[in-house]
Amino acid sequence: MSAGFAILTVIFTLGYVYGGAVARTGLMLLSGMAAAVAIAVGLRLHRVADRRPWVLVIIALLLLTVANAGWFHGALAGVPKPPDLLVVPPQLGGYVFMLAASLLIVLRHAPRDASGTIDAAVWGIALAAPLWEFAFRPHMLGAGIGSAGLFLVLTQLLVLLGICGALLRVARTSEAGRACLNYLFASLGCTILGIAVVNMGPVTGENASLPALCFAIGYLALGAAGLHPSVKQLSEPAVNLAPPTPRLKLGFLGSALLLIPVCGGVGQLLGQPADGLLLTIAPLLSVPLVLVRISRLKHALIHQATHDELTGLVNRRHLFTEMQTAIAAHAGGAPGDLALIYCDLNGFKPVNDEHGHEAGDAILRTTARRITVAVRAGDVVARIGGDEFLIFCVDADDATARALGDRIARSIAEPVPWGGRELVVTAAVGAVTRTERRIVAPDEMLAAADERMYADKRASAQSRQHLRPERVDERPQVLPHVVQVDPVEAESRIAS
C-alpha cells in the first residue's frame, strides 16, 4: 500500500515537473477522480458497514473535480484562470462536505472523547484566524485578490485546520486506525501547503507546478486513506459500554471563540476596517460545532441521570418510569401480561473482597452484558444497586418469564476471565407475572419479585448444607416457580 502510494507520488511529481499547464491541470483532475474511485473500492473491499462519512468524502471529491475540470478546460483553451463561478462554488461545497465527513468520523471513533474532539475542531478553526489575519490576508490584499478569492481561501483554511484539530485529538486514542489517519494528515498537509504557495508565494517559473502538485498528492493521500485496510477500524471503532459524561470546559472553549473576534477586530482598533469575512465565516463554522458540543453534554447528562455509570444499564428511576407506562397501558387493555425478574448475585462479595473492586466491577459489567444478551428485544434491564439487577418484560407469560430467568441464571454462572484467572458467581432469580388489569405502583411487583428471589436464596442455602463442600459449585442453579401476583396479597405484604 505504502509502496504504491510512493510510486504514484513519484509519477505525478515527474509529470508536474516536466509537463506543461495542460498536463498539470489534467493530472490534478485525474488525481481527484482516482481518489474518489479508490475510496469507493476500499469501502467495498474492506466491508465498511458505516460508509456515510466516506460517502461525504466522495461527494466532496466530485465537487472538487468539477472545479479542477474548470482549470483543465481553461488550460486547454489557453485561459490563465477560469471564471470564479465555475470554480468557487464547487470548491466551497467540497470543503464543507469534507468538514461534515470528518465530524462523522471523529464522533464515531472517539465516543468517550467526542466532546474533546469537538473542542479540538473549534480550536483548529480559531487558530486559523491569526494565520489568516496576519499572514494570508495582508499578502492577498497587496496582490489585489478580490472578495471571491479571499472568501474561498479563508473558508479553506478554517475548514482544513478544523479537520486537522479534530483528527489530532482522535490520533491520541486511535491505534488501530493510525495508518488511515496518517494518510489523512498527509492529505491535509499537502492541501494547506498548496493553498499557502498559491496565495503567498511565487507561482511562476520553476514554482508554477508546486501548488497543483501539492493538491494532487493531497488527493492521492486521501484516496490511499480510504483504500487502506485500517479504514474499517477508523470508521467502526469499538464503543464503550458506559461512556463518561463529557465536561464542558468553558474557559478552554471560550478562549477559542474569543480568538476569532479579537483577530477580526484588531484592524479596527488600529484605525483600519475590521475583517468582515473572518467575523462572518468563522462563527458560521464554529458556532454549529459549539451547539453540537452543548447538545452532547445535555444528552450525556440525561443519560447519566437515567443510567448506571458502571454497566450502562438503566437505573431504578428510569426502570420505574418504564414500568409505570407499561402498567398503565396494561390496565387500559394492552395485550399480554407483565413480568418482573429479580436477579441477585451469589458469591459476589467474596470475589470483591479477595480480588478487589476492579474484579468486582468486571463481574458486574460482564453480568450486565450477559443479561442483556439473554433477554428479548424490548425487555428493560436495570441495575438497581450493588449486585442486584431487574428485568422488566412486557407481553410475557409465566412460561416466558421462567425461560428468561433460567437462561439468565445459566449465563451468569459461566466463568468470567479476569487477570489470568476465572471468577465464578451464580445468581438467585425471582420472577413474578401480573395479569390483573389495574394501575399499581412498580414497588408492588418489585416486592413480590424480591420475596421470590430471597426464597430461592434460602432454598439454595439449605440445599448446600447437604452437599459436600467440594461439590457446591457443581450444583445446578435452581429457579423458583414463577408466580402470579395477587394484588390484595401484595398490598398486605407491603403494609406488613
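The text that follows walks through the structure, step by step, so that each part is easy to find.

Parameters and conventions
- Residues numbered from 1 in each chain as written.
- Predicted model: local features only at pLDDT ≥ 70, side-chain atom pairs only at ≥ 80, totals over all residues.
- Heavy atoms only, no water.
- 1 Å grid on protein atoms, 1.4 Å probe; cavity = no way out; pocket = protein on both sides within 12 Å on 5 of 7 lines; lining within 4 Å.
- Points joined across faces, edges and corners; volume = space filled by probe spheres on them.
- Helix = DSSP H or I, 4+ residues; strand = E, 2+ residues; numbered from the N terminus.
- Nonpolar A, V, L, I, M, F, W, Y, C, P; charged D, E, K, R; others polar.
- Buried < 20%, exposed > 50% of the residue type's maximum accessible area, 1.4 Å probe, protein only.
- Pairing = 2+ DSSP bridges.
- Contact = heavy atoms within 4.5 Å.
- Axes fitted to C-alpha atoms, helices over the stretch in contact; angles between N-to-C directions.
- Left-handed = near helix turned anticlockwise from the far one by under 90°.
- Expected span 1.5 Å × (residues − 1).
- Salt bridge = Lys/Arg side-chain N within 4 Å of Asp/Glu carboxyl O.

## Looking at the layout of surface pockets
Argument step 1. Considered as a void within the structure, the largest pocket measures approximately 1100 Å³ in volume.
Argument step 2. Residue assignment for the lining of the largest pocket shows that the elements contributing at least two residues are α2 (21-45), α3 (52-77), α4 (84-109), α5 (114-142), α6 (147-171), α7 (178-200) and α8 (210-227).
Argument step 3. It is α6 that contributes the most residues to the lining of the largest pocket, six residues altogether.
Argument step 4. Each residue belonging to the lining of the largest pocket can be placed in one class, and the counts come to 25 nonpolar, 10 polar and three charged.

## So, the pairing of strand β2 (residues 380-385)
Every regular strand shows the same layout, with side chains that alternate between the two sheet faces.
Argument step 1. Counted residue by residue, β2 has five buried out of six residues, so it is predominantly covered.
Argument step 2. Sheet topology note: the β2/strand β3 (residues 388-394) ladder contains five bridges and is antiparallel. Residue pairing across strands places valine 381 opposite isoleucine 391, the latter belonging to β3.
Argument step 3. A loop of two residues connects β2 with β3, the two strands running antiparallel in sequence, and glycine 386 in this loop sits at a positive phi of about 55°.

## Quick word on the pairing of strand β1 (residues 338-346)
Argument step 1. Within β1, nine of the nine residues are buried, which leaves the element mostly enclosed by the surrounding structure.
Argument step 2. Here β1 shows a buried face lined by Leu338, Leu340, Tyr342, Asp344 and Asn346 and a second buried face lined by Ala339, Ile341, Cys343 and Leu345.
Argument step 3. Sheet topology note: the β1/β3 ladder contains seven bridges and is antiparallel. Within the sheet, the bridge partner assigned to leucine 340 lies in β3 and is phenylalanine 392.
Argument step 4. Direction of pairing for β1 relative to strand β6 (residues 426-434): antiparallel, over a ladder of nine bridges. Within the sheet, the bridge partner assigned to leucine 340 lies in β6 and is valine 432.

## Digging into the side chain of serine 230
Argument step 1. Examined against the element boundaries, serine 230 turns out to sit in the loop between α8 and α9 (231-235).
Argument step 2. Apart from residues no more than four positions distant in its own chain, serine 230 is found in contact with Ala176, Gly177, Ala179 and Cys180.

## Some details on empty space enclosed by the protein
Argument step 1. Under the counting rule described, the total for this entry stands at two cavities of 30 Å³ or more.
Argument step 2. A volume near 260 Å³ is recorded for the largest cavity.
Argument step 3. What lines the largest cavity is a set of 18 residues, and nearest its centre among them are Met98, Ile163, Ser187, Leu188 and Leu222.
Argument step 4. Secondary-structure elements contributing two or more residues to the lining of the largest cavity are α3, α4, α6, α7 and α8.
Argument step 5. Classifying every residue of the lining of the largest cavity gives 14 nonpolar, four polar and no charged.

## Describing the side chain of threonine 367
Argument step 1. Along the chain, threonine 367 falls in helix α14 (residues 357-374).
Argument step 2. What threonine 367 contacts, discounting residues up to four positions off in sequence, is Leu345, Phe389 and Ile412.

## A word on the packing of α6 against helix α11 (residues 276-306)
Argument step 1. It is at 10 Å that the axes of α6 and α11 come closest, and there the two elements cross at 35°. For α6 against α11, the interelement crossing comes out right-handed. Residues Ser147, Leu150, Phe151, Leu154, Thr155, Leu158 and Val159 of α6 lie in contact with α11, whose contacting residues are Leu277, Leu278, Ile281, Ala282 and Leu285.

## What about the packing of helix α13 (residues 348-355) against α14?
Argument step 1. For the pair α13 and α14, the least separation of the axes is 6 Å and the interaxial angle reads 145°. Contacts between α13 and α14 involve Phe348, Val351, Asn352 and His355 from the former and His357, Ala359, Gly360, Ile363 and Leu364 from the latter.
Argument step 2. The residue makeup of the contact of α13 with α14, split by class, is five nonpolar, four polar and no charged.

## Examining α2
Argument step 1. The end-to-end C-alpha distance of α2, which contains 25 residues, comes to 36 Å, matching closely the 36 Å that a straight helix rising 1.5 Å per residue would cover.
Argument step 2. Remark: arginine 47 follows α2 within two positions and exhibits a positive phi of approximately 55°.

## Details of the pattern of salt bridges
Argument step 1. Within the structure shown, the criterion is met by nine salt bridges.
Argument step 2. Here aspartate 308 ties to arginine 383 by a salt bridge, and the two come within 3.1 Å at their closest N and O atoms. Of this pair, aspartate 308 sits in the loop between α11 and α12 (316-331) while arginine 383 sits in strand β2; the two residues are 75 residues apart in sequence, bridging distant segments of the chain.
Argument step 3. In this structure aspartate 308 comes out as buried when scored by relative accessible area, which is 15%.
Argument step 4. Given a relative accessible area of 14%, arginine 383 falls into the buried group.
Argument step 5. With its nearest N and O atoms 3.6 Å apart, the salt bridge here joins arginine 316 to aspartate 443. Of this pair, arginine 316 sits in helix α12 while aspartate 443 sits in helix α16 (residues 442-464), placing them 127 residues apart in sequence.
Argument step 6. Three or more residues joined by partner-sharing salt bridges are found here, namely Glu133, Arg137 and Asp275.

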